[in-house]
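# Close look at the chain arrangement
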Amino acid sequence: MAGGAASGGSATTDTYKDARGWLLMPAWSVLLVLSLAPVFMMLVYSFLTKEFRGGVIWEFSLAAYDQFFFDRGLFGDDPPVIEWTYLTIFWRSIWQAGAATILSLLIGFPTAYYIATRPENVRPVWLFLITIPYWVNLLIRTVSMKFLLRDQGPLNDLLMSTGLISEPIHIINTNLAVQLGLFYSYLPFMVLPIYAAVERYNFALSEAAADLYANKWVTLRRVLLPAVKPGVVAGCILVFVPSLGAFLAPDLLGGAKNFMIGSLIEEQFKGNAGNWPFGAAASMVLLTMVLIILLICARQQSKAGKEV
Amino acid sequence: MNDETLSAVDVRDAVKRYGDFTALKTISLSIKDNEFFTLLGPSGCGKTTLLRMIAGFEDVTEGAIFLYGDEIENLPPHQRPVNTVFQNYALFPQMTILDNVAFGVEMRGNSKAEARRRAGEMLELVQLSQFSSRKPSQLSGGQQQRVALARALAPEPKVLLLDEPLSALDLKLRKAMQLELKHLQRETGITFIFVTHDQEEALTMSDRIAVMSAGELQQLGAPTDIYERPHNMFVADFIGETNLLEVSVDKIAQGRATCHLGGGHELTCNQVDDIGVGAKVHMSIRPERLFMSDIPAEAESLKGTVKENIFAGTDITTIVALAEGPDFIVRTSNSDRGNKRIFEPGTEMYVNMEMGAGRLLVD
Ligand SMILES: Nc1ncnc2c1ncn2[C@@H]1O[C@H](COP(=O)(O)OP(=O)(O)OP(=O)(O)O)[C@@H](O)[C@H]1O
Ligand SMILES: [Mg+2]
């Protein structure tokens, strides 16, 4: 996606060369105030000392990071021991977000492909239908998901009535429930970029592949997928990143055992029991993780871009 | 149909309908092995539709298609041993030129190494070896065209389909590619089915031409047949330039029809099949079959006045108005100027033609 935008816009950039600095001011200020400033604040807070009823004392401290990574203190006499509690939560978050992303891709790709191959006049209708559920607040959607997945909920009722299962399957408070919740929360972010890529795809290429004796699978793998890859990558990032920090789905659907990093951070800032520097430190670790993933993706994309 | 030589492609009573629009109305034609066959017709007449039906991209509403005796109209495209050169080439953008050409060979079950070797050969044939590691976007239109050709030829199809492959090229390159295509067809011995709306291109390249209009086959024959003996007004008018005159047949005697064309002018024609006295028909006379003189020639002669001379490089087109009759277009080749005369506008002169130069067309 980044590659397409850059090459498409390059012809007009020269026209605005002189005015560019000024014209970009609003965008830069929004970015600065709404995005970079809070991150910077978090960074500062993560190095401060905690105040017991929430808030911070303005005194430099590494205690928050120490608490996150190490069991026996970094500054004691004995060699430090790694604290696994939070790293496990972190690892589970990555795993859950990854599973939700794969699930979204498996469902989202065929959906996007289907919509993009409908006649031009009905495509907007399909997109509209896809977005309808997302007019409802995420909290309410997640709560209703809880009802859907209950042991006596509609999903189990349906499966039992079709005779596929004889006893309700226990989904709620499992990893699967969290994955389903995340998947449902962010599915449109997968569908839309892939849709945009498939819509731009030249279907004559698929015909050419079929003409050259490739069956449907080979055509998908060797011709369609490479062509729409930027859209797929964009969709995966857009689902994975918010899933990683999500707290509603794990809180409501996962129960206490399936805690994710988002919930951990959320708790540090809620009520009086929290630990602001610790929450900030956990946020910084999460942010670093996301940045690393994005950098890897960007590297790959630019490599692919150079080959074309 | 004789069974001595199997036709490469046999289209039998093929009909194509899109909803209630009929794009092809019961087309039957058989294309010989090793032939350069052209589908020619104006835009929208159904050439692409027919080609896509042979390739398998459109299904056949009614009728059947045979490929060397095998019925293929129900096979999916990837199981038909035909390859297509697409109008906009449809090269795979993320693959190198070599991989593009190797693709079909590999898909036919050859190893990657074998496919690459064969692709290398094909690129040599179209003189693009030095570009094999480039991407399609790094080639010119003409080069991309040749890659598309190499890609389609590499898997050794039984029939090669070409949908207006030269239409995106400039005139000079197009002429060069016409020759190249013709040579490739001779060298490989593969049956070519070539689609174009350019009659000149069709005449230069083809062994046989099928002229189509509005979903119907109008005439099928060798280029000389089509040009010199058009079956109907559409073909006469579409192929080359012609004088189409409304005439009425006055007399038929000794295999000759005397035709009246208004203003007291008369012409004789030695082709009378299916035509009776009194019939109102059209006569087609090619402009290059006419010549001008200041006294009536021994052949058919009509008196007229020169309206205009138009210089067009290799020849001069003269528009002549007959007294109270229709206008004529006369073409004089510049290489022929010694024998044939050009008259200044306003000059009175005679337009002459040999017996047999005119063709009577019933519809
Ligand atoms: N998918 C379709 N649905 C409805 N009508 C169609 C469809 N495809 C083609 N047609 C119609 O069928 C007719 C033949 O189309 P076709 O593309 O075969 O023309 P063509 O002879 O190749 O013309 P051109 O020289 O412009 O390429 C046209 O009138 C066209 O509008
Ligand atoms: Mg066409």
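Residues numbered from 1 in each chain as written. Chains lettered and ligands numbered in written order. Predicted model: local features only at pLDDT ≥ 70, side-chain atom pairs only at ≥ 80, totals over all residues. Heavy atoms only, no water.

### Points about the sheet that holds strand β20 (residues 358-361) of chain B
All names here are of chain B. Pairing is antiparallel in the open sheet, where five strands are placed in the order β13-β12-β11-β14-β20. Strands at the two margins of the open sheet, each flanked by one partner only, are β13 (266-269) and β20. Neighbouring strand axes in the sheet, compared pairwise and without regard to direction, differ in orientation by 45° on average. With six bridges joining them, strand β11 (residues 243-253) and strand β14 (residues 280-285) adopt antiparallel strand pairing. Each residue of the ladder has a partner; that of Glu246, found in β14, is His282. (Pairing = 2+ DSSP bridges. Helix = DSSP H or I, 4+ residues; strand = E, 2+ residues; numbered from the N terminus. Axes fitted to C-alpha atoms, helices over the stretch in contact; angles between N-to-C directions.)

### Considering the confidence of the model for chain B
Put simply, chain B has an average pLDDT of 87, and 97% of its residues get 70 or more. With a pTM of 0.79, the predicted complex shows an ipTM of 0.80. (pLDDT = per-residue confidence, 0-100.)

### Points about the interface of chain B and chain A
Accessible area lost during the coming together of the parts is what is often quoted as the interface size. At the interface, 27 residues of chain B touch 18 residues of chain A. Summed over both sides, the interface between chain B and chain A buries roughly 2100 Å², with carbon and sulfur atoms accounting for 61% of that surface. Ranking the residues of chain B by area buried against chain A places B:His78, B:Gln94 and B:Met107 at the top, with a combined share of 27%. Of the charged contacts, one joins B:Glu106 and A:Arg222 as a salt bridge, the two residues approaching to 3.3 Å between their closest N and O atoms. (Contact = heavy atoms within 4.5 Å. Buried area = accessible area lost by both parts, 1.4 Å probe. Salt bridge = Lys/Arg side-chain N within 4 Å of Asp/Glu carboxyl O.)

### Examining the confidence of the model for chain A
Residue and element names in this part refer to chain A. When the pLDDT values of chain A are averaged, the result is 85; 91% of them are 70 or greater. The spread of mean pLDDT over the elements of chain A runs between helix α1 (residues 2-13), the lowest at 43, and helix α10 (residues 204-211), the highest at 94. This model gives residues 1-11 a pLDDT under 50, and the stretch forms four contacts once residues within four places in sequence are excluded.

### Notes on the environment of B:Arg186
Relative to the assigned elements, B:Arg186 resides in helix α5 (residues 171-188). Put simply, B:Arg186 and B:Glu35 are 151 residues apart on the chain and 9.0 Å apart in space, counted from C-alpha to C-alpha.

### Concerning the UniProt feature "transmembrane region" (unreviewed entry) in chain A
Residues and elements named next belong to chain A. The UniProt record annotates "transmembrane region" (unreviewed entry) at residues 27-48, 94-116, 122-140, 231-249 and 276-298. In the segment residues 122-140, helix accounts for 63% and strand for 0%; the C-alpha atoms at its two ends are 29 Å apart. A distance of 32 Å separates the end C-alpha atoms of residues 276-298, which is 100% helix and 0% strand. (UniProt positions renumbered as here; feature names shortened; annotations may be inferred.)

### Comments concerning empty space enclosed by the protein
All names here are of chain A. Following the criterion strictly, the structure yields one cavity of 30 Å³ or more and no others. By volume, the largest cavity is sized at about 30 Å³. Arg141, Thr142, Met145, Gly181, Tyr184, Ser185, Ala249 and Leu253 are the residues that line the largest cavity. Elements with a minimum of two residues in the lining of the largest cavity: α7 (138-149), α9 (175-200) and α12 (248-254). Looking at the lining of the largest cavity residue by residue, the class counts come to four nonpolar, three polar and one charged. (1 Å grid on protein atoms, 1.4 Å probe; cavity = no way out; pocket = protein on both sides within 12 Å on 5 of 7 lines; lining within 4 Å. Points joined across faces, edges and corners; volume = space filled by probe spheres on them. Nonpolar A, V, L, I, M, F, W, Y, C, P; charged D, E, K, R; others polar.)

### Observations concerning the nonpolar core
Generally speaking, nonpolar side chains in soluble globular proteins are found buried as a group. Among the nonpolar cores identified, the biggest contains 75 residues, and B:Val9, B:Leu39, B:Phe92, B:Phe103, B:Val159 and B:Ile193 are the most heavily contacted of them. Setting aside its immediate chain neighbours within four residues, B:Phe92 contacts A:Leu205, A:Ala208, A:Ala209, A:Leu212, A:Val223, B:Asn100, B:Phe103, B:Pro136 and B:Arg151. In terms of nonpolar packing, the next biggest core, distinct from the first, is built from 35 residues, B:Ala148, B:Ala152, B:Leu153 and B:Leu160 among them. (Core = buried A, V, L, I, M, F, W, Y, C linked by side-chain atoms within 4.5 Å. Buried < 20%, exposed > 50% of the residue type's maximum accessible area, 1.4 Å probe, protein only.)

### Focus: the domain arrangement of chain B
Residue and element names in this part refer to chain B. Segmentation of chain B into domains returns domain 1 (7-233) and domain 2 (241-361). Each of domain 1 and domain 2 has a C-alpha centre, and the two are 39 Å apart. Counting residues at the interface gives eight residues for domain 1 and six residues for domain 2. Buried area between domain 1 and domain 2, both sides added, is near 680 Å², and the carbon and sulfur share of it is 56%. The interface formed by domain 1 and domain 2 includes zero salt bridges. In this structure, the connection of domain 1 to domain 2 is made through two residue pairs in polar contact (both at pLDDT 80 or more). Among the elements that take part in the side of domain 1 that touches domain 2, helix α7 (residues 223-228) stands out by supplying three residues, more than any other. (Domains from an automatic or database assignment. Polar contact = N/O pair within 3.5 Å; in protein donor to acceptor, adjacent residues only side chain to side chain.)

### Focus: the environment of A:Asp157
With respect to the secondary-structure elements, A:Asp157 resides in helix α8 (residues 154-161). As for A:Asp157 and A:Leu106, which are separated by 51 residues in sequence, their C-alpha atoms are 25 Å apart.

### Some thoughts on the layout of surface pockets
Residues and elements named next belong to chain A. Considered as a void within the structure, the second largest pocket measures approximately 540 Å³ in volume. Counting residues per element, the ones that place at least two in the lining of the second largest pocket are α5 (84-116), α10 and α11 (216-244). A per-element tally of the lining of the second largest pocket places α11 first, with five residues. Broken down by class, the residue content of the lining of the second largest pocket amounts to 13 nonpolar, five polar and three charged.

### A short note on the sheet that holds strand β1 (residues 9-18) of chain B
All names here are of chain B. In spatial order, the strands read β2-β1-β4-β5; together these four strands make up an open sheet with antiparallel pairing. Strands at the two margins of the open sheet, each flanked by one partner only, are β2 (21-31) and β5 (70-71). With two bridges joining them, strand β4 (residues 62-67) and β5 adopt antiparallel strand pairing. In the sheet register, Leu67 faces β5, and the bridge partner there is Asp70.

### Details of the packing of α5(A) against α9(A)
All names here are of chain A. In the contact formed by α5 and α9, the axes pass within 6 Å of each other and the chain directions differ by 40°. Classified by the angle their axes make, α5 and α9 are oblique. In this structure, the crossing between α5 and α9 has a hand that is right-handed. Class assignment for the residues of the contact of α5 with α9 results in 22 nonpolar, seven polar and two charged. (Parallel < 35°, antiparallel > 145°, perpendicular 65-115°, else oblique. Left-handed = near helix turned anticlockwise from the far one by under 90°.)

### Re helix α1 (residues 47-55) of chain B
Residues and elements named next belong to chain B. The element α1 is extensively covered by neighbouring structure, given that seven of its nine residues are classed as buried. Those residues of α1 lying buried are Lys47, Thr49, Leu50, Leu51, Met53, Ile54 and Ala55. Trailing α1 by a residue or two, Gly56 shows a phi angle of about 105°, which is positive.

### A few points about the pattern of salt bridges
One pass over the full model with this rule turns up 26 salt bridges over all chains. Between A:Glu199 and A:Arg123 there is a salt bridge, with its nearest N and O atoms 2.9 Å apart. With A:Glu199 in helix α9 and A:Arg123 in helix α6 (residues 123-131), this pair connects stretches of sequence that are 76 residues apart. For A:Glu199, a relative accessible area of 39% corresponds to the partly exposed category. Owing to a relative accessible area of 13%, A:Arg123 belongs among the buried residues under this scheme. For the salt bridge of B:Arg208 with B:Glu35, the shortest nitrogen-to-oxygen distance reads 2.5 Å. Within this pair, whereas B:Arg208 is found in strand β9 (residues 208-213), its partner B:Glu35 is found in the loop between β2 and β3 (36-40), the two being separated by 173 residues in sequence. For the pair formed by B:Arg208 and B:Glu35, the shared burial category is buried. When salt bridges with common partners are traced through the structure, they connect A:Glu207, B:Lys16, B:Arg52, B:Glu58 and B:Asp59 into a single cluster.

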